[in-house]
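# Close look at the chain arrangement
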Amino acid sequence: MSDTIRVFLCDDHTLFRQGMRKLLELERDIEIVGEAGNGQEMLNIIKKVGPDIIMMDINMPEVDGIAAT
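Residues numbered from 1 in each chain as written. Predicted model: local features only at pLDDT ≥ 70, side-chain atom pairs only at ≥ 80, totals over all residues. Heavy atoms only, no water.

## Comments concerning helix α1 (residues 14–25)
The terminal C-alpha atoms of α1 lie 16 Å apart, and with twelve residues this matches the ideal 16 Å at 1.5 Å per residue to within 8%. By the burial criterion, the buried members of α1 are Arg17, Met20 and Leu24. The buried residues of α1 all sit within an arc of 65 degrees when viewed along its axis, so they share a single face. α1 presents Leu15, Lys22 and Leu23 as exposed residues on the side facing more than 90 degrees away from its buried surface. On its buried face, α1 is in contact with β1 (5–10), β2 (30–36) and β3 (53–56). (Helix = DSSP H or I, 4+ residues; strand = E, 2+ residues; numbered from the N terminus. Expected span 1.5 Å × (residues − 1). Buried < 20%, exposed > 50% of the residue type's maximum accessible area, 1.4 Å probe, protein only. Arc of directions from axis to C-beta. Contact = heavy atoms within 4.5 Å.)

## Details of the pattern of salt bridges
Overall, the coordinates contain four salt bridges when judged by the stated rule. Between Glu31 and Arg6 there is a salt bridge; the shortest N-O distance is 3.6 Å. A residue pair is termed long-range when its members are at least 10 positions apart, and Glu31 in strand β2 and Arg6 in strand β1 qualify at 25 residues. Glu31 gets classed as partly exposed once you look at its relative accessible area, which sits at 36%. In this structure, Glu35 and Arg17 form a salt bridge, with 3.1 Å as the shortest nitrogen-oxygen distance. Placement of the pair is Glu35 in strand β2 and Arg17 in helix α1, with a sequence separation of 18 residues. Judged by its relative accessible area of 12%, Arg17 is buried. Several salt bridges converge on common partners, so that one network encompasses Arg17, Arg21, Glu25 and Glu35. (Salt bridge = Lys/Arg side-chain N within 4 Å of Asp/Glu carboxyl O.)

Dropping the structure here:
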């Protein structure tokens, strides 16, 4: 079992995702395993990367965070 928390970021605002990535990368026990700009993109990716946690916006185009969850 790994002590690293695998995080996936999902938000339609690229600047926000980049900022969250930078902040979370400062933590030694957090690994960013992927990013998406909407819920559909996230659904297409997460099975491949297997995150422990998904940080998701609820208001996004195409498929919002609530529907994706």
